[in-house]
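# Survey of secondary and tertiary structure
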Amino acid sequence: MEPRPTVVPPPIQLRIADDIRMQIERGELTPGDSLPTLAELADRWSCSVGSARAAIALLKAQGLISSGRGKAPVVRVPPRKVIRSSERHQVEKDLAARPEAERAVVGEAETNLNMQISEQEFRSRYDQVEAGRELADLFRIEPADLLLRRRYDSNDRATGLLLSSSVSYMPVALVSSNPALLDEANEPWPGGTQHQLSTVGVEIMTMIDEVTARMPTTAEAQLWGLPDGVPLIRCRRISLDADERVVEVCDAEYPADRTELRFVTPLKPWPKRRPNGGKPSGRQGGRP
């Protein structure tokens, strides 16, 4: 879309912010470039320093610039983006069937974040909790039935910032036949969840990804290193076996400014012979 100003008679701080925003969108200001000082903006726009400061605050809230106490604002350098494709589910399933030596080299940490596990500080915490109404309905169990709750976090060793955060739930009755699955000391598990479930005779056949978004708390923004105005994407993954039984529910959150969600949907081919001899039937619209 062509950069355009806000279509209202704007106050001066919005006019200043719009002008700088469009310079960024047109590439006239590039990541890392310094912005004019508050005094320069006030002089250029014949306004008060307070109005110039309000314009800078607006740009920061839009996630377009970075600034800190005692530092001149600059055009924000985009963080490294992680692509989360639905294709990874099959990659992880194929990996779960490989020998342990291969599973230990590449796991979910690498496929999810495109980073080596050695670059991450990985933590896992296990406990058992009652399902409650929402999860009980998903698993088709009673609210008082126990779930194995597994919480995972990874931080970038270089920056200390959070890279991933998720919580997984599985019915204790489903996995208790293998006590190793109840012990967090066995993490990271070569081959991840799909291999873990295979040890109790469960094969995942369907993955459902549900995506929502919300604004972070101040504490979460600090942990992720989020600029103002950037939401968190919440992905709920529901795993089903061949009998369409829910065997795992996993909730993960990712910053919207460094995450690309890519859903790949294979489509079945047309039958060899289409109805009416392959000719279109009915009124055809003029749109592609």
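Before reading further, recall that the structure is shown in the block above.
Since we're looking at a predicted model, the values are computed, not measured.

Secondary structure assignment for the chain yields 10 helices and 10 strands. The proportion of buried residues among the 288 residues of the chain is 39%. For the chain, the accessible area works out to roughly 17400 Å², and carbon and sulfur atoms hold 52% of it.

What follows covers helix H3 (residues 49-61). Given 3.6 residues to a turn, an α-helix orients residues that are three or four positions apart in the same direction. Taking 1.5 Å as the rise per residue, H3 with 13 residues should run 18 Å; its terminal C-alpha atoms sit 18 Å apart, in good agreement. Those residues of H3 hidden inside the fold are in contact with helix H1 (12-25), helix H2 (38-45) and strand E1 (65-66). Where H3 terminates, the next one or two residues include Gly-63, which has phi positive at roughly 75 degrees.

A separate point is the pattern of salt bridges. What the rule picks out here adds up to 21 salt bridges. Two residues, Arg-133 and Asp-137, come together in a salt bridge whose shortest N-O distance is 3.5 Å. With Arg-133 and Asp-137 both in helix H7 (residues 132-139), this residue pair falls 4 residues apart, about one helical turn. Here Asp-137 falls in the partly exposed class, since its relative accessible area comes to 49%. Arg-214 serves as the salt-bridge partner of Glu-253, at 3.0 Å between the closest nitrogen and oxygen. With Glu-253 in strand E9 (residues 246-255) and Arg-214 in strand E7 (residues 204-214), the pair connects residues that are 39 residues apart, well separated along the chain. Bridged by salt links that share partners, the residues Glu-134, Arg-234, Arg-236 and Asp-251 form one connected network.

It is worth spelling out the side chain of Asn-155 at this point. Along the chain, the position of Asn-155 falls in strand E5 (residues 146-156). A polar contact is formed between the side chain of Asn-155 and the backbone oxygen of Gly-160, at a distance of 2.9 Å. Residues contacting Asn-155, with those up to four places away along its chain left out, are Glu-119, Gln-120, Glu-121, Arg-123, Gly-160, Leu-161, Leu-162 and Leu-163.

What follows deals with the environment of Ala-42. Tracing the chain through its elements places Ala-42 in helix H2. Judged by relative accessible area, which is 9%, Ala-42 ranks as buried. Counting along the chain gives 26 residues from Ala-42 to Ile-16, while the straight-line C-alpha distance between them is 9.5 Å. Those residues in contact with Ala-42 that sit more than four places away from it in its chain are Cys-47, Ser-48, Val-49 and Ala-52.

Across the 11 residues of E5, 8 count as buried, placing the element largely inside the fold. In terms of strand pairing, E5 meets strand E6 (residues 162-171) through 9 bridges, oriented antiparallel. Residue pairing across strands places Arg-149 opposite Tyr-169, the latter belonging to E6. Joining the antiparallel neighbours E5 and E6 is a turn of 5 residues, in which Gly-160 adopts a positive phi near 80 degrees.

A few words now on the sheet that holds strand E8 (residues 232-241). With antiparallel pairing, the 6 strands of this open sheet are ordered in space as E4-E5-E6-E9-E8-E7. The open sheet terminates on both sides in strands that have one partner only, identified here as strand E4 (120-130) and E7. Mean inter-strand twist for the sheet, computed between neighbouring axes without regard to direction, equals 15 degrees. Pairing of E6 with E9 involves 5 bridges; the strand directions are antiparallel. Bridging across to E9, Ser-166 finds its partner in Ala-252. Lying over the sheet, helix H4 (residues 88-96) contacts E7 and E8, oriented at roughly 135 degrees with respect to E7. Sheet strands touched by H7: E4, E5, E6, E8 and E9. Its angle to E9, the strand with the most contacts, is close to 125 degrees.

Here is what the cut-offs are and how they apply
- Residues numbered from 1 in each chain as written.
- Predicted model: local features only at pLDDT ≥ 70, side-chain atom pairs only at ≥ 80, totals over all residues.
- Heavy atoms only, no water.
- Helix = DSSP H or I, 4+ residues; strand = E, 2+ residues; numbered from the N terminus.
- Buried < 20%, exposed > 50% of the residue type's maximum accessible area, 1.4 Å probe, protein only.
- Areas by Shrake-Rupley, 256 points an atom, 1.4 Å probe, with all protein chains shown as cover.
- Expected span 1.5 Å × (residues − 1).
- Contact = heavy atoms within 4.5 Å.
- Salt bridge = Lys/Arg side-chain N within 4 Å of Asp/Glu carboxyl O.
- Polar contact = N/O pair within 3.5 Å; in protein donor to acceptor, adjacent residues only side chain to side chain.
- Pairing = 2+ DSSP bridges.
- Axes fitted to C-alpha atoms, helices over the stretch in contact; angles between N-to-C directions.

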